[in-house]
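A closer look at the structure
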Amino acid sequence: MNFNITIGQYYPTDSILHRLDPRVKLAASLSFIIIVCLIDNGFGYAISAAFIAAAVWASNVPVKLMLRGMKSIFFFIVFTFTVNIFLIPGGNILFNLGPVKISAEALNTALLMTARLSIMIFASSLLTLTSSPIQLTDAIEYYLAPFKKIGVPSHQIAMMMTITLRFIPTLIDELDKIVRAQKARGADLDTGGAFKKAKALIPILVPLFLSSFRRADELATAMEARCYRGDIERTKMKQMKFGMQDLYAGIIFICICSCIIMANFIF
Amino acid sequence: MQLQLDGVNYVYSEGTAFEKKALGNINLNIGKGEFVAIIGHTGSGKSTLIQHFNGLIKPTSGKVLFEGADIHENKKLLKTTRQKIGLVFQYPEAQLFEITVFKDVAFGPLNMGLSKEEADVRTRNALEIVGINECDFEKSPFELSGGQKRRAAIAGVLAMNPEILVLDEPTAGLDPRGRDEILFKIKEMRDKLNITIILVSHSMEDVAKLADRVIVMSDGHIVMDGTVKEVFREVGALSKIGLAAPKISYLMKALKEKGFDVPIDIYTPNEAADIIYNLLTRQKSKSGGAK
Amino acid sequence: MDIIKINNVGFGYSYIDEDSNKTMKTETLKNINLNIETGEFVAILGHNGSGKSTLAKIMNALLLPDSGEALIIGLNPSNESNIFEIRRNVGMVFQNPDNQIIATIVEEDVAFGPENLSIPPDKIRPRVDSALKNVGMENFALANPAYLSGGQKQRVAIAGVLAMKPKCIIFDESTAMLDPNGRKEVLDTAIKLNKEDKITIILITHFMDEATLADRVIVVNDGQAVMGGPPKSIFSQINELKALSLDVPQITELAYLLSEKGLNINTDILTIEEMVGALCNYN
């Protein structure tokens, strides 16, 4: 089994994007993704794409690495494009491929969807590539904090995310070990129909769940031993700081977004 | 030779930034009925090596031969080899998953395509060998004590009737009683079942007690291969690669340096006691005679 | 002064008896008595199920006694307002290195304790830096703990405890899952903290060689402290230890075998040097 989860993994280096306040980055990526989903105009997409390209350049993350991480999603983009182009009916037939007719509407929608998806993926991976998981959870905790009053456990959500991120490599490692151990006992994981394959997962999943529960239990004890009691009077070593560069970045971002939206209305 | 490794090299994540040579030019012959210990510190390649034995890892180059046949020649051969070379991983109790101990141990034999009756017989035998009482057969494996769980997991591999049993750190994390029970059972398996046993261990004392032959791994290579006496004699060479010989070998060496006439290839308290006793009483009778 | 006093403490875990369907309690600790002095290095031995890990959890108020009294740094854990003061002062390093690290970056994990103690942010940073330095992990401050060795992970866990500035650290089988090198890393750190920083160390272990390094050894069996004293006096009682399914260090075993054969040799020999000395001066 091969586990490839390089997509969106934090790439530690120094760049303007890395230094920005994660709260700014999180808000910007989210609003950017929403805007890209709402517009349907070629100029708007051109500006968005140019902006993303500039951001990639500014992030100091090697483009090759970014693209490699997206390999698995590339299939999804191609799939979306194909489905759209073949399945959307339309009157204005551009050309025929045997029995399949491709209309101008279909091509238009397919291109639009592909552009949206690609820009969304680039925007979100830029966020995760330039902000450490801890920074991201801190940002999420910050934005959820106002909802604490209505019962949203913002601190608990952030803590859960941190612990999940912490244990992903450990559990992948563990999964790999269990697979090997069961293979050594003659488990056949590769052949047979869907039912047989699903059944073959039991000897893998049961031990994995059991060990996760045990880990969770031990971790809870360890956290208690280190005086954890939720977010009661909890402080943070690393404070998020909103500085001048964050202000400039925010202003530039708002300007660009305004251009994109205006392009949508004008053209 | 029962198991033979011929110029085996293994490279992790070949062609990526994480490329790492894990094994380099391993040549190894293990004969039927041998008790071989593999020692080396973490990262020396021991775990990678033993996973080559039953084909869980395919060598980047070189061959693994079981009874003369290349185990990677075809899928069928690979499958039968995996049954004949049983591999018990570290902390094997982590793979227990069935509702009862008995069912869990029967998992391997049933995977081999044996009939239920046949699998039952083997399961029963295996549990008996590792010393799990019949009254515990229908218990959940998770109700057993730490040492029992470990032994049940070993039975799960043993029930496949392997001709070679490979154990990776079988005593890790157990208390002294659990350790002794497992070691005793391993010794018994070798004596009664007459199977080849390959033991990976950090405990030089255990190795000294059980094994006939010791293979020392360092940095992906076999750096020493010889009888227990031959290997533990090389205290200096061992410490250079971050390993220690059993405590008693250091004592014997220190005594020798002090002028005592003792052999230095001794590594268990019992042997040492005999030698020191004989030496001192002889000395005494000599000096007594002179008086 | 005693940093920990355990007087007649009883403790049991609740479980449901299958036959009667009633809630029952185990007898894990049976009126156990022991004291740990400030600055001591104590090893606790006992086979699995003897109650030693439960004892450790009583010592830092993760569990509260059912009966009897525990006084830790002079405070009674039964009073809830004392619990955090006790946990801050009596830190614990657990067995599985993977299951006690919370953050994805070493220094953030070390900061976890002080953050829980409401220490102001600018005061946490120096604590984290000095704790990491103390365990020799300062070069790994920004590393991901998942990719460290077992011994390194345990040293990060120790740093996490140190950042709370404790008076006492309990190692609950912290070396059990490590290789010999990792074990040495952890032990050397424990000894250094005891000698240089005067931190009381309680080492729970299955490795007899580790226990010989302590000032005092306590043997726990069936919920009670059954033996106690300096390592020499404990390990020379080879038959008693074997009866409790415990080992003795190999050199001590040799001394015992020699005296069994009738040689006039002390059975409290622990190290190679002592043995060589004893044999050189024989007669």
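Counting restarts for each chain: residues are numbered from 1 in the order of the written sequence. Chain labels run from A onward and ligand labels from 1 onward, assigned in the order the entries are written. This being a predicted model, a pLDDT of at least 70 is required before a residue's local features are given, and a value of 80 or more before pairs of side-chain atoms are given or counted; all residues contribute to the totals for chains, interfaces and linings. Only hydrogens and water are removed before side-chain values are computed, so all heavy atoms of the structure are retained for them.

Regarding its fold elements, chain C presents eleven helices and eleven strands. Here the globule rule reads 2.2 Å times residues to the power 0.38, and the radius of gyration is calculated from C-alpha atoms. Against the globule reference of 19 Å for 283 residues, chain C gives a C-alpha radius of gyration of 20 Å, in line with a compact fold. Oriented by its inertia axes, the alpha-carbon framework of chain C measures out at about 65 × 55 × 40 Å. Remark: exposure states derive from per-residue accessible area (1.4 Å probe, protein chains only) relative to the maximum for the residue type, with buried under 20%, exposed over 50%, and partly exposed in between. Buried positions account for 59% of the 283 residues belonging to chain C. As presented, chain C carries roughly 11,000 Å² of accessible surface, and 47% of it is formed by carbon and sulfur atoms. Here a helix means four or more residues in a row that DSSP labels H or I, a strand means two or more in a row labelled E, and each is numbered from the N terminus. Computed with a 1.4 Å probe, the accessible areas rest on the Shrake-Rupley method; for each residue, only the protein chains presented here act as cover.

Tallying the contact residues gives 30 residues for chain C and 33 residues for chain B. In short, buried area is how much 1.4 Å probe accessible area vanishes from two parts on joining, totalled over both. Both faces considered, chain C and chain B share a buried interface measuring about 2,800 Å² in area, 64% of it formed by carbon and sulfur atoms. When the buried area of chain C at its contact with chain B is split by residue, Gln250, Lys261 and Leu279 of chain C rank highest and sum to 21% of it. The salt bridge definition used is simple: a Lys or Arg side-chain nitrogen within 4 Å of an Asp or Glu carboxyl oxygen. Summed over the shared surface of chain C and chain B, the number is three salt bridges. For this analysis, a polar contact is any N or O atom pair within 3.5 Å, provided that within protein one partner can donate a hydrogen and the other can accept it, and provided that sequence-adjacent residues contribute only side-chain to side-chain pairs. Inspection of the chain C/chain B interface yields five residue pairs in polar contact (both at pLDDT 80 or more). Put simply, the parts of the chain that give the side of chain C that touches chain B at least two residues each are α6 (180–195), α7 (208–211), α10 (250–260) and α11 (272–280) of chain C. Asp, Glu, Lys and Arg are counted as charged, while Ala, Val, Leu, Ile, Met, Phe, Trp, Tyr, Cys and Pro are counted as nonpolar; the rest, among them Gly, fall into the polar class. When grouped by side-chain class, the residues that make up the side of chain C that touches chain B number 17 nonpolar, eight polar and five charged. Any pair of residues with heavy atoms lying within 4.5 Å of one another is described as a contacting pair.

Bringing the environment of Asn79 of chain C into the picture now. All names here are of chain C. Relative to the helices and strands, Asn79 resides in the loop between β6 (67–72) and α2 (83–89). Look at Asn79 and you get partly exposed, because its relative accessible area is 40%. In the structure, Asn79 is positioned 15 residues away from Leu64 in sequence and 10.0 Å away in space, judged by C-alpha atoms. At 2.9 Å, the side chain of Asn79 and the side chain of Ser81 are in polar contact.

Residue and element names in this part refer to chain B. Burial analysis of strand β8 (residues 196–200) places five of its five residues in the buried class, which makes it a mostly covered element. Every second residue of β8 is oriented toward a common face, with Thr196, Ile198 and Val200 on one face and Ile197 and Leu199 on the other, all of them buried. Note: strand β3 (residues 35–39) against β8, four bridges, orientation parallel. Across the sheet, the residue bridging to Ile38 is Val200, located in β8. Here the rule is simple: two strands pair whenever DSSP picks up at least two bridges between them. Both strand β7 (residues 164–168) and β8 contribute to a ladder of five bridges, which runs parallel.

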